[in-house]
Amino acid sequence: MSKLTTSYLIQVFTELGARLSQPDGPLQQLVITEKNHNAWFTPESVQKALDALSAQLSKGNLEQWLSAYQFTDHAPKKVGLILAGNIPLVGFHDVLCVLMSGNIALIKASSQDARLITYLLKLATDIEPEIAQRYQIVERLEGFDAIIATGSNNTSRYFEYYFGKVPNIIRKNRNSMAVLTGTDTREDLFQLGYDVFDYYGLGCRNVSKLFVPKGYDLTFFFESIQDHYSVSQHHKYHNNYDYNKSIYLVNRDKHFDNGFLLVKEDERMTSPLAVLFYEEYESIAELEQKLAEQSDQIQCIVTNADLQANNQVVSFGQSQCPALWEYADGIDTMRFLADL
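Residues numbered from 1 in each chain as written. Predicted model: local features only at pLDDT ≥ 70, side-chain atom pairs only at ≥ 80, totals over all residues. Heavy atoms only, no water.

1. Regarding the packing of helix α2 (residues 25–37) against helix α6 (residues 114–127)
Between two packed helices, both the angle of their axes relative to each other and the distance between the axes serve to describe the pair. Which entries qualify depends on this criterion: Lines fitted to C-alpha atoms define the axes here, with helix axes fitted over just the stretch in contact, and angles between the N-to-C directions of these axes take values from 0 to 180 degrees. Numbering goes from the N terminus for both helices and strands, where a helix is a DSSP run of H or I of at least four residues and a strand is a run of E of at least two. By the definition adopted for this analysis, an angle is roughly parallel if under 35 degrees, roughly antiparallel if over 145, roughly perpendicular if from 65 to 115, and oblique otherwise. By definition, any crossing whose near helix is turned counterclockwise from its far helix by less than a right angle is left-handed, and any crossing with a clockwise turn is right-handed. Note on definitions: a residue-residue contact is assigned when non-hydrogen atoms from the two residues lie within 4.5 Å.
With their axes 10 Å apart at the nearest point, α2 and α6 run at an angle of 165° to one another. When the axes of α2 and α6 are compared, the pair comes out roughly antiparallel. Both α2 and α6 take part in a crossing whose hand is right-handed. Contacts between α2 and α6 involve P26, L27, L30, E34 and H37 from the former and R115, L116, Y119, L120 and L123 from the latter.

Rendered as structure tokens:
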């Protein structure tokens with residue numbers, strides 16, 4: 001009988017969280033060198049992801065999360081995981097879910113993020129060698145009983161074709177929104193800067209669009225986020241900023257520009273990198289209806305407003321710090337795994 005009970009796994013991953021808060025030499029080196037493999041994975045971004053994960057891997061958080069589920073004693077199922085790699089460690093939560101549910105993870109890691117995921121699993125195996133029997137890093141998925149795949153709207157069609165015959169979670173493109181009320185403070189809006197700029201805006205939990213009251217003056221927003229200007233020192237981000245600015249200028253599209261962020265009125269949810277779309281609303285009730293109609297495109301909503309929404313509503317500055325029980329696309333991954 002395996003000793004990897006839920007209570008024991010909580011101990012293992014609590015210890016992993018502690019080790020991430022005081023990284024060893026090889027992990028420190030990974031933090032520094034990831035940018036050589038993926039220019040977006042700067043030491044600051046990788047460290048931020050490690051800190052966020054470490055904060056969640058506490059005994060209290062793990063117990064609170066898992067207390068909602070009943071895991072039956074059954075032969076482990078093989079769960080194929082196709083992980084995203086747009087921001088550091090974005091796929092680790094899916095791996096953690098599979099391991100915590102008593103199943104076996106067949107991991108097709110993104111080439112952008114494979115080194116970090118692999119090293120964290122090595123650390124977990126150092127803590128408890130039997131963990132090594134519960135996951136495989138694979139180049140090709142086969143022999144799986146279920147699938148969890150994260151990709152774009154385009155790749156999701158392929159995933160549904162290839163994996164539609166087994167139990168699955170297939171995730172598509174989503175974006176995150178912010179709702180301003182006109183009463184938000186300078187500190188609120190400064191914190192909102194993290195929701196916009198963390199990981200250079202590459203995550204589905206990054207705010208790509210603002211909803212503002214009719215007649216809202218964006219000057220206060222721009223003043224409040226000014227201290228986030230260092231984002232433009234990243235050459236890839238700055239290239240995107242320059243490119244989109246030139247397009248808007250050539251097309252004579254009305255936009256606002258503070259030197260490192262372009263803000264443009266637009267009904268679409270998905271904005272280009274270094275661009276934030278905005279849209280005015282007449283009333284919160286009207287806005288709630290609009291957000292409900294587009295909820296399948298929204299990952300989370302950042303606001304201080306008392307908003308009735310189908311999506312996760314989080315405070316300013318918190319979009320990139322999801323709790324273990326705040327699932328991507330609002331789909332309860334652990335319930336899916338517990339019911340296999």
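Still more to cover.
2. Some thoughts on a nonpolar patch on the surface
Here is the rule: Two joining distances apply to patches: 9 Å for like charges and 5 Å for nonpolar side chains (Val, Leu, Ile, Met, Phe, Trp, Tyr), and every residue must have over 30% relative accessible area and no salt bridge. Exposure was quantified through the Shrake-Rupley algorithm and a 1.4 Å probe, taking into account, for residues, occlusion by the shown protein chains and nothing else. Salt bridge, as used here, is a side-chain nitrogen of Lys or Arg placed within 4 Å of a carboxyl oxygen of Asp or Glu.
A cluster of nonpolar side chains, contributed by Y158, Y161 and Y162, occupies part of the molecular surface with about 450 Å² of accessible area. Tracing the backbone shows Y158 in helix α7 (residues 153–163).

3. Things to note about helix α8 (residues 186–197)
Heads up, the condition is: Every helix has an expected span of 1.5 Å times one less than the residues it contains. Categorising residues by exposure relies on relative accessible area from a 1.4 Å probe, with only protein chains included: less than 20% of the type maximum marks a residue as buried, more than 50% marks it as exposed, and the intermediate range marks it as partly exposed.
For α8, with twelve residues, the first-to-last C-alpha span of 17 Å sits near the 16 Å given by 1.5 Å per residue. The complete set of buried residues in α8 reads D188, L189, F190, L192, G193, D195, V196 and F197. Directly after α8, the chain includes Y199, whose backbone phi takes a positive value near 55°.

4. Structural notes on the environment of N240
With respect to the element layout, N240 can be found in helix α10 (residues 235–251). Placed 33 residues apart in sequence, N240 and L273 show a C-alpha to C-alpha distance of 6.1 Å. With residues near it in sequence (within four places) discarded, N240 still touches W40, L273 and A274.

5. Considerations on the packing of helix α1 (residues 6–21) against α6
So the rule is basically this: All amino acids are sorted into three groups, where Ala, Val, Leu, Ile, Met, Phe, Trp, Tyr, Cys and Pro are nonpolar, Asp, Glu, Lys and Arg are charged, and the leftover types, Gly among them, are polar.
Where α1 meets α6, the closest approach of the two axes is 9 Å, and the angle between their N-to-C directions is 125°. Comparing the axis directions of α1 and α6 gives the class oblique. Handedness of the α1/α6 crossing: right-handed. On α6, the residues that touch V12, F13, E15, L16, R19 and L20 of α1 are L120, L123, A124, D126 and I127. Its residues placed into classes, the contact of α1 with α6 shows eight nonpolar, no polar and three charged.

It is worth stressing that arrangement in space is one thing and function is another; only the former is reported here.
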